[in-house]
Amino acid sequence: MEIIFSVKVYRGLEEFEKLDNAVVTTGTFDGVHQGHRKILDRLMEVAKKSNGESVLLTFFPHPRMVLQPESDLKLINTIDEKIKLLRKEGIDHLIIQPFTKEFSRTTSLEFVRDLLVNQIGTKKLVIGYDHHFGRNREGSFDHLKEFGPIYGFEVEEISVQDVDNVNVSSTKVRKALEEGEVDVAANYLGHSFFIEGEVVHGKKMGRDLGFPTANLKIENPYKLIPSNGIYAVRVRRGDDLYGGMLNIGIRPTIDVSQKISIEVNLFDFNEEIYGERLTVHFIKRIRCEKKFDSKDELIAAMQKDKAKAQQLLK
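Every value quoted in this text rests on a predicted model; they were computed, and no experiment measured them.

Q: Describe in detail helix H3 (residues 79-87), supporting the description with residues and values.
A: Among all positions in H3, only Ile-79, Glu-81, Lys-82, Ile-83, Leu-85 and Leu-86 are buried. For H3, the secondary structure elements touched by its buried residues are strand E1 (8-10), helix H1 (34-49), strand E3 (53-60), strand E4 (93-98) and strand E7 (194-200).

Q: Which residues make up the packing of aromatic side chains, and what values do they have?
A: Evaluation of the coordinates by the stated rule reveals eleven aromatic pairs. Judged by centre distance (4.9 Å) and plane angle (80°), the rings of Tyr-10 and Phe-16 are edge-to-face. The class for Tyr-10 is buried, based on a relative accessible area of 12%. Where Phe-60 meets Tyr-222, the ring centres are 5.6 Å apart and the plane angle is 55°; that geometry is what we call tilted. With a gap of 162 residues between them, Phe-60 in strand E3 and Tyr-222 in the loop between strand E8 (214-217) and strand E9 (229-237) connect regions that are remote in the sequence. The class for Tyr-222 is buried, based on a relative accessible area of 10%. Through a chain of ring-to-ring contacts, three or more aromatic side chains come together here, namely Phe-59, Phe-99, Phe-103, Phe-111 and Phe-133. Looking at Lys-223, its charged tip hangs above the ring of Phe-194, at a distance of 5.5 Å from the centre.

Q: For the pairing of E4, give the residues involved together with the corresponding values.
A: Burial runs high along E4: five of the six residues are buried. As judged from the three bridges shared by E1 and E4, these two strands associate in the parallel manner. Residue Lys-8 lies in a different strand from E4, and its bridge partner there is His-93. With six bridges connecting them, E3 and E4 associate as parallel partners. Opposite Thr-58, over in E4, you have Ile-96 as the bridge partner.

Q: Kindly report on the sheet that holds strand E6 (residues 154-157), identifying the contributing residues and their values.
A: Pairing is parallel in the open sheet, where six strands are placed in the order E1-E4-E3-E2-E5-E6. The open sheet has two edge strands with one neighbour each: E1 and E6. Sheet twist, expressed as the mean angle between neighbouring strand axes with direction ignored, is 20°. By the bridge criterion, three bridges tie strand E2 (residues 22-26) to strand E5 (residues 122-127) in an arrangement that is parallel. Residue pairing across strands places Ala-22 opposite Thr-122, the latter belonging to E5. With respect to the sheet, helix H5 (residues 108-120) is in contact with E2, E3, E4 and E5, its orientation differing from that of E3 by roughly 135°.

Q: Got a sec to walk through the sheet that holds E9? Specific residues and values, please.
A: Reading around the circumference, E7-E8-E11-E10-E9-E12 is the order of the six strands in this closed barrel, with antiparallel pairing throughout. For this sheet, the mean inter-axis angle between neighbouring strands, taken without regard to orientation, is 45°. Bridging between strand E10 (residues 240-249) and strand E11 (residues 261-266) involves six bridges; their strand directions are antiparallel. When the sheet's bridge partners are listed, Ile-248 is paired in E11 with Ile-262. Here helix H9 (residues 182-189) sits on the sheet in contact with E9 and strand E12 (277-287), set at roughly 120° to E12. Packing against the sheet, helix H11 (residues 295-313) makes contact with E9, E10 and E12, and its axis sits at approximately 105° to E12.

Q: I'd like to hear about H9, residue by residue, with values.
A: Considered for burial, the residues of H9 that qualify are Val-182, Ala-185, Ala-186 and Leu-189. Across the axial projection of H9, the buried residues extend over an arc of 105°, all falling on one side. Once H9 finishes, Gly-190 follows within two positions and takes phi at roughly 85°, a positive value.

Q: Tell me about the nonpolar core, residues and numbers included.
A: The biggest cluster of nonpolar side chains holds 28 residues, and the ones touching the most others in it are Leu-177, Val-233, Leu-246, Val-264, Leu-278, Val-280 and Phe-282. Elements that contribute at least two residues to this core include exactly helix H8 (170-178), H9, E7, E8, E9, E10, E11 and E12. Grouped together as the second largest cluster of nonpolar side chains are 26 residues, Phe-99, Leu-116, Ile-120 and Phe-153 included.

The rules behind the values
- Residues numbered from 1 in each chain as written.
- Predicted model: local features only at pLDDT ≥ 70, side-chain atom pairs only at ≥ 80, totals over all residues.
- Heavy atoms only, no water.
- Buried < 20%, exposed > 50% of the residue type's maximum accessible area, 1.4 Å probe, protein only.
- Helix = DSSP H or I, 4+ residues; strand = E, 2+ residues; numbered from the N terminus.
- Contact = heavy atoms within 4.5 Å.
- Phe/Tyr/Trp six-rings, centres within 6.5 Å; stacked < 30°, edge-to-face > 60°.
- Lys NZ or Arg CZ within 6 Å of the ring centre and 35° of its normal.
- Pairing = 2+ DSSP bridges.
- Axes fitted to C-alpha atoms, helices over the stretch in contact; angles between N-to-C directions.
- Arc of directions from axis to C-beta.
- Core = buried A, V, L, I, M, F, W, Y, C linked by side-chain atoms within 4.5 Å.

Function-wise, these values are silent; they only describe arrangement.
Below, the structure written as structure tokens:
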């Protein structure tokens, strides 16, 4: 059973009304992984002790997408997925501040004085180890300790020991996913990596092979997709949950288009679901995608894939 807390979501600081006793953290929180959860747990602990309200100030687009567009950064979560994950954490307020080049010029002093203090009402600030903020990431924990007495807030940094104990970062999660190690990513995240997409018409090649598939369209171009291969997955359709196997790749044995597709075969399922949305949770990669010499070889491999997936999903 999932517990979903009530959190107020604001699409920009201008929507937010200043609080009397805000306990705040800030960052991109891509993936909402185990390291982020350390910060959020401490944030809520401090808020409870001080009778304050917990506030997470995050940014979208990711700063690197704006400042280094050539990097073609892919994110673990879309903004809607991130909101869903943060709803489960129990924070009171979530502010999603649009990140623009103009906003990036905000100095560390302006960030603290104008945003954290004057707009949010920060009385306590909880940050991750080695956190930087403001123009050119000039702001640091030392800056915050200087600003605190001047602007009337306390600051707490999650210790390096706590960070090392978790030993996770969004970069590590992305690397694991890019290498197809979805089970490793799940350990870092504290939950399975997932994608959401609409079922669209495909070439119905899977049906011809005896494995009908739902072709998924992923709308967000910045959403990270794991490397090509066959995966054991769990698929949520509304309130129903199915086991399945999913292929990411170009289907080299039966398709010459070289176009990457994402197709999922749901076990014990045979319904038309075009236009519906599915959420796919990745459990483990079964094998890399490969080209077989014939359709019969491909079918035999898919039968083995299904058996392995069913074993993994038990």
